[in-house]
Amino acid sequence: MSAAAPIDPEARFQSIVDAEDKIEPTDWMPEGYRKTLIRQIAQHAHSEVIGMQPEGNWISRAPTLRRKAILMAKVQDEAGHGLYLYSAAETLGVSRDEMFDLLHRGKHKYSSIFNYPTLTWADMGAIGWLVDGAAITNQVMLTRCSYGPYARAMVRICREESFHQRQGYEILLTLCRGTHEQQEMAQDAVNRWWWPSLMMFGPSDSESSHTEQSMAWKIKRVSNDDLRQEFVDMTVPQAEFLGVSLPDPDLAWNPERNHYDFGAIDWDEFWAVVKGDGPLNRERIEHKVKAWEDNAWVREAAVAHGAKKRRETAA
Amino acid sequence: MTYDVPDTGEEFLTESDAAEGYPLWEVFVRQRRGLSHVHSGSLHAPDAETALQAARDVYTRRQEGASIWVVPSTSISAFEPEAALDFYEASGKEYRHATYYQIPDEVGQM
């Protein structure tokens, strides 16, 4: 075999991708593919980690012990999901500390949805149902991503994530079958989280600069607008069952398209939050940096302990 | 586990040194008795004991594991992809497969 003519690495790479095989860390890959994946996986990992803050906000005020245990398990899952994703990104030659540093200095982004505040207990329901629901729609697609470590992390995350959406829906269902005040609280949460959830899928296809190349590399398998439509179609009947309305007067079934039509997204708001002017952008990063710095002594102690154990073993 | 205050200057690390003291470990989980350990992912930890504890929290939160191995990533040797290609594409040895042999139908299942 060593006598065979050398194969163009880029052609070989694309043929693996086209054959629906996975690219693995030691394979040759175009620099753009590597960079796109690092940016996307890091952003995804940061979202899991920053996403712990809005829900962590309610752990101490969960209405029952059962709800509290569930919420703690969910937040712990988000930490785990962040770790799976940082590990996947590291296989591409970037270190976790480098990614933390970029996040802390505002050079890396995370999902804008986590820059909105969680004002009531019903927000825990709306986040699980809508935010995790939108995330799952995106992540199910990513289980078929061409990069092996990312796709495998997604399989694990999706398996764990369905509990997240179901627990959120159960919270809202309980409120919607409760008192008038509870119903109003549920409706208010849905009103505030609906549009930001639709924005989670990113800019419209016509505005999205990365989509075409990402589709050719099979990093992305479905376009932003198609995923958004899938999410809307799935969610509207679930809202009807709850008995909440979705805050969009243009939302209506279109029998010709066989999809729900929905109103225009406020892209000015979307870009403002992406660029740092959402309700809580500064607080989220400040909190993250503070936690990192306040806990430096734990990391140092662990390293010292590890070094001491190695010396003992060597002695 | 006890925590001993380090007694020499060398352990008082700067933050970036502390991070470098967290090597990467590969995690292998046996889902249940009777199955092989399968690679689940990787994590950073300062020593094997801490790596095992972290692996339990990160990769087996839903009783997915009956046993866990952690191995320093630097201890794993592997083929370069090009060499592996030679290996996998070794052809012309169809006689290693059961389907290569013609057995008359009358013989029945074999």
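Conventions used here
- Residues numbered from 1 in each chain as written.
- Chains lettered and ligands numbered in written order.
- Predicted model: local features only at pLDDT ≥ 70, side-chain atom pairs only at ≥ 80, totals over all residues.
- Heavy atoms only, no water.
- Helix = DSSP H or I, 4+ residues; strand = E, 2+ residues; numbered from the N terminus.
- Contact = heavy atoms within 4.5 Å.
- Areas by Shrake-Rupley, 256 points an atom, 1.4 Å probe, with all protein chains shown as cover.
- Expected span 1.5 Å × (residues − 1).
- Buried < 20%, exposed > 50% of the residue type's maximum accessible area, 1.4 Å probe, protein only.
- Arc of directions from axis to C-beta.
- Salt bridge = Lys/Arg side-chain N within 4 Å of Asp/Glu carboxyl O.
- Pairing = 2+ DSSP bridges.
- Axes fitted to C-alpha atoms, helices over the stretch in contact; angles between N-to-C directions.

For chain B, the count of helices and strands is three helices and three strands. Of the regular secondary structure in chain B, the N- to C-terminal order runs α-β-β-α-β-α. Counting only contacts in chain B whose residues sit at least 6 apart along the sequence, the fraction spanning at least 24 positions is 46%. Summed over all atoms, the accessible surface of chain B reaches about 8200 Å², with 53% contributed by carbon and sulfur.

Taking 1.5 Å of rise per residue, the 12 residues of helix α2 (residues 48-59) of chain B would be expected to cover 16 Å, and the 16 Å separating its terminal C-alpha atoms lies within 8% of that figure. Along α2(B), the positions that sit buried rather than exposed are Ala51(B), Ala55(B), Val58(B) and Tyr59(B). The buried side chains of α2(B) occupy one side of the element, clustering within an arc of 75 degrees when seen end-on. Next to the buried residues of α2(B) lie α4 (65-90) and α7 (148-176) of chain A together with β1 (24-30), β2 (37-44) and β3 (67-72) of chain B.

Residues and elements named next belong to chain A. Per the stated rule, a full pass over the model turns up 21 salt bridges over all chains. Residue arginine 34 is joined to glutamate 31 by a salt bridge in which the shortest nitrogen-to-oxygen separation is 3.7 Å. Here the residue arginine 34 and the residue glutamate 31 both occupy positions in helix α2 (residues 31-50), the gap between them amounting to three residues, near one helical turn. A salt bridge links lysine 74 to glutamate 55; its shortest N-O distance comes to 2.8 Å. Of this pair, lysine 74 sits in helix α4 while glutamate 55 is found in helix α3 (residues 52-56), placing the two residues 19 residues apart along the sequence. For lysine 74, a relative accessible area of 0% translates into the label buried.

Moving on to the sheet that holds β2(B). Residue and element names in this part refer to chain B. Reading across from one edge, β2-β1-β3 is the order of the three strands in this open sheet, with antiparallel pairing throughout. The strands lining the two open edges of the sheet, one partner per strand, are β2 and β3. On average, each strand axis in the sheet is tilted by 25 degrees relative to the strand beside it, whichever way the strands run. With seven bridges joining them, β1 and β2 adopt antiparallel strand pairing. Its bridge partner lying in β2, valine 29 is registered against valine 38.

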